[in-house]
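Structural description and commentary
Spelled out from the first residue to the last, the chains are:
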Amino acid sequence: MKRPAFSVILLTIFFFGHLEARIKSLSQVFLLQGGLVDKDGDNLAETIALSIVIPDEPSAAEIAVAADVAARANFESLALDLALVNKESQFRQQGQEETVILIGSRLRLFEKLRRESKTPLPALGPNQGAILLLEHSGKSFIALLAGSDAALVKTGRAFFLRWPYLWEIWGRENGLTYHSLETDLAKFWEDEEIVPPTSVVRSIRYEFPDMTSSSESIRQLKFDTGEIAELALECIFSDRKNKEKAARSLEALKGDQRRGERTLRLNYPGCRSLSFVLSDGTTKEEISLPRLSYPKRLLTPSYKTPRKRPAQEKTFDLLSLFSDRGFYSDGDKDGLLDGLETAVIIPDNFGATALGSLASRFVLPTAGASFPIVCFDTEVEDIKTIPVPCLIGDNRFTGDLIKTGKLKLPPLGKGQALVQVVSKAFNKTDSLVVVAAETGGMEKILAYLGRTFPYFEDYSEASPELADISEDVEKFLRGEGGSAEAFIKSKLDLFSKEMKGKNLEFISAELYLPEENSKFTDYIKYTLEKSMKVE
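Residues numbered from 1 in each chain as written. Predicted model: local features only at pLDDT ≥ 70, side-chain atom pairs only at ≥ 80, totals over all residues. Heavy atoms only, no water.

Attention now moves to the sheet that holds strand β10 (residues 227-236). Across the sheet, which stays open at both edges, the 9 strands sit in the order β4-β3-β5-β7-β6-β8-β10-β11-β12 with mixed pairing between neighbours. Taken across any chain shown, the strands that pair with only one partner, and hence form the sheet edges, are β4 (85-87) and β12 (284-290). Strand-to-strand twist across the sheet, computed as the mean angle between neighbouring axes with direction ignored, equals 20 degrees. Helix-sheet contacts for helix α7 (residues 240-258) involve β11 (273-279) and β12, and the interaxial angle to β12 is about 20 degrees. (Pairing = 2+ DSSP bridges. Helix = DSSP H or I, 4+ residues; strand = E, 2+ residues; numbered from the N terminus. Axes fitted to C-alpha atoms, helices over the stretch in contact; angles between N-to-C directions. Contact = heavy atoms within 4.5 Å.)

Here it is in structure tokens:
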């Protein structure tokens, strides 16, 4: 039986580089000494060995995926890297240990890799996407490809945001992950008395059938139809004898499963097919192991569980955005933020790449976060179910606030932007709105919010910040910082001008200041004596 063209493409991709690279399997993306680095030996990541590259003129889908991938990587690290996302013309790979994530097939870098390796692009339909691990000149590249923008977003979320799970997220101890797959495979080789090969997850192809319908009853069903259509593993054996024995064992397993035997072996609900590329260094052989049945979510769609609207009312200002009064929650009331309660909502024509900095900034103070952080306004069915919406750009919900009079935009020129908290925007909770007149202004304001806010110029405790304004205003109203003296002097100057040239029997003045100020008192006395005649 003739194999699909995609499988043939995989064979070409797998073997065009064998030099050392940090990430050698898609199962290592967010692992220590994989995409993350532990430099001090405490088993905690403090460096991210990943870079994300998008086209110079990216689509909104490419920007959204890159932002979420950057946020997920930063969530796994103790130290934040707000420069993970780069346009292709600005990108410079830092070293052999850095793995580059390529978003989309329009990148010149991807085309160069494809051309030099003589690898054709996989043919992907509008509901298909793929994750490929490429190695070239000792460097690792992870390519995210899809047949449409919608599939690109779904593929990026399915792999990078579900990782390490194949599909269903059941908990790392009992869930089906890439690591449990590798463990199961190692046990299979052991039971078959085969010297275990080096096994690598090389590519994953996804399918997301379109199940949209105009029928209200159909739209109430939860069609979670996406899945891994094919997961390809490269198995490199030390000799030809073991490779051929492995091929016979896999074929035997396939035959047994067709007869209803050994059905739990290497059979996963979220993966339609495992594709094995067996190699001994000189010869290669490919064997496909299809899934035996369909998971319940595909056979019997359940009804959507209505998302509850948040009961807790949140009122905040710009100073409390990054606290449990704003974007976050403290579920167990231990003083530590453990939940992210916002979603960044953008329009379909969004073009500001600095969104990656803001999405990554959201995961900085919290011990827990839910993904995706970035979503499109067309994806949101009920804005009132989002506890604290963060509306970026000219999306339909910002338009709704303008129509209802809750948001009034001032005239914005080139390079200008507005950040405003809208009180009780859609429910009992406030929302944040960020708008700009053009992409340049949006780039600057998102970069500011992600990298500098709440400080004015530099993110440093010694730098002036937004909170200083309210504190200084309060001090000013209390008469501190010279404000009382300034007020008295202004009144004195006016009084002196009115009384100039007049003879007065006496002058009596009582000054109330926040603290004793003998120099100012002497100045008042001198000024009065100089400008007036007292009999």
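Now that the structure has been shown, the text picks up again.
Grouped together as the largest cluster of nonpolar side chains are 95 residues, with contacts concentrated most on Leu231 and Leu446. The dominant element in this core, judged by the number of residues it contributes, is helix α2 (residues 60-75), at 11 residues. The contacts of Leu446, once residues within four sequence positions are left out, are Phe350, Ala352, Ala354, Leu355, Leu358, Ile392 and Val434. Ile345, Ile383, Leu401 and Leu407 belong to the second-largest nonpolar core, a separate cluster that totals 16 residues. (Core = buried A, V, L, I, M, F, W, Y, C linked by side-chain atoms within 4.5 Å. Buried < 20%, exposed > 50% of the residue type's maximum accessible area, 1.4 Å probe, protein only.)

Time to look at the confidence of the model for the protein chain. For the protein chain, mean pLDDT is 86; residues scoring 70 or higher make up 87% of the total. Taken together, the stretch residues 1-21 has pLDDT below 50 and engages in 54 contacts with residues farther than four places along the chain or on a different chain. Confidence over residues 218-223 falls short of pLDDT 50; this stretch has 17 contacts with residues more than four positions distant or in other chains. (pLDDT = per-residue confidence, 0-100.)

This part is about the packing of helix α9 (residues 355-362) against helix α11 (residues 439-451). Where α9 meets α11, the closest approach of the two axes is 7 Å, and the angle between their N-to-C directions is 25 degrees. Our classification of the angle between α9 and α11 gives roughly parallel. The chirality of how α9 crosses α11 is left-handed. For the pair α9 and α11, contact is made by Leu355, Ser357, Leu358 and Arg361 and by Leu446, Leu449, Gly450 and Arg451, respectively. Each residue belonging to the contact of α9 with α11 can be placed in one class, and the counts come to 4 nonpolar, 2 polar and 2 charged. (Parallel < 35°, antiparallel > 145°, perpendicular 65-115°, else oblique. Left-handed = near helix turned anticlockwise from the far one by under 90°. Nonpolar A, V, L, I, M, F, W, Y, C, P; charged D, E, K, R; others polar.)

The strand order across the open sheet formed by 5 strands is β17-β16-β18-β20-β19, and the pairing between neighbours is mixed. Here the strands that pair on one side only, and so sit at the sheet edges, are β17 (374-376) and β19 (417-422). Neighbour-to-neighbour, the strand axes of this sheet turn through a mean angle of 20 degrees, independent of strand direction. Sheet topology note: the strand β16 (residues 342-346)/strand β18 (residues 388-392) ladder contains 4 bridges and is parallel. Looking at the pairing, Ala343 lines up with Pro389 of β18.

Between α2 and helix α4 (residues 149-161), whose axes approach to 9 Å, the crossing angle comes to 5 degrees. In this view, α2 runs roughly parallel relative to α4, as classed from their interaxial angle. Only Asp149, Leu152, Val153, Gly156, Phe160 and Leu161 of α4 make contact with α2, whose side of the interface consists of Ala61, Glu62, Val65, Asp68, Val69 and Arg72. In the contact of α2 with α4, the residues fall into 7 nonpolar, 1 polar and 4 charged.

A word on the environment of Thr99. Within the element layout of this structure, Thr99 appears in strand β5 (residues 99-103). Spatially, the C-alpha atom of Thr99 lies 9.9 Å from that of Leu134, the residues being 35 residues apart in sequence. Setting aside residues no more than four positions away along its own chain, Thr99 makes contact with Ile23, Ala49, Leu50, Ser51, Ser140, Phe141 and Ile142.

Glancing now at the packing of aromatic side chains. Under the criterion given, the structure shown has 18 aromatic pairs. Summarising the aromatic geometry, the rings of Tyr448 and Phe453 are spaced 6.1 Å apart at their centres and angled 85 degrees between planes, so their arrangement reads as edge-to-face. On the basis of relative accessibility, which here comes to 23%, the residue Tyr448 falls in the partly exposed class. Between the NZ or CZ atom of Arg162 and the centre of the ring of Trp167, over which it lies, the distance is 4.0 Å. Taking the ring centre of Phe322 as reference, the NZ or CZ of Arg361 above it sits at 4.3 Å. (Phe/Tyr/Trp six-rings, centres within 6.5 Å; stacked < 30°, edge-to-face > 60°. Lys NZ or Arg CZ within 6 Å of the ring centre and 35° of its normal.)

Our focus in this paragraph is a nonpolar patch on the surface. Taken together, the side chains of Phe456, Ile469, Val473, Phe476 and Leu477 make up a nonpolar region of the molecular surface, amounting to roughly 510 Å² of accessible area. On the secondary structure map, Val473 appears in helix α12 (residues 466-477). (Patch = residues over 30% accessible without salt bridge, like charges linked within 9 Å, V, L, I, M, F, W, Y side chains within 5 Å. Areas by Shrake-Rupley, 256 points an atom, 1.4 Å probe, with all protein chains shown as cover. Salt bridge = Lys/Arg side-chain N within 4 Å of Asp/Glu carboxyl O.)

Let's shift gears to α7. Its 19 residues place the ends of α7 27 Å apart at the C-alpha level, agreeing with the 27 Å of an ideal helix rising 1.5 Å per residue. If you check which residues of α7 are buried, you get Asn242, Lys243, Ala246, Ala247, Ser249, Leu250, Leu253, Lys254, Gly255, Asp256 and Gln257. Elements that come into contact with the buried residues of α7 comprise α5 (178-191), β11 and β12. Where α7 begins, the capping side chain belongs to Asp239, and its oxygen is found 3.1 Å from the backbone nitrogen of Lys241. Positive backbone phi, approximately 85 degrees, marks Gly260, located one or two places after α7. (Expected span 1.5 Å × (residues − 1). Polar contact = N/O pair within 3.5 Å; in protein donor to acceptor, adjacent residues only side chain to side chain.)

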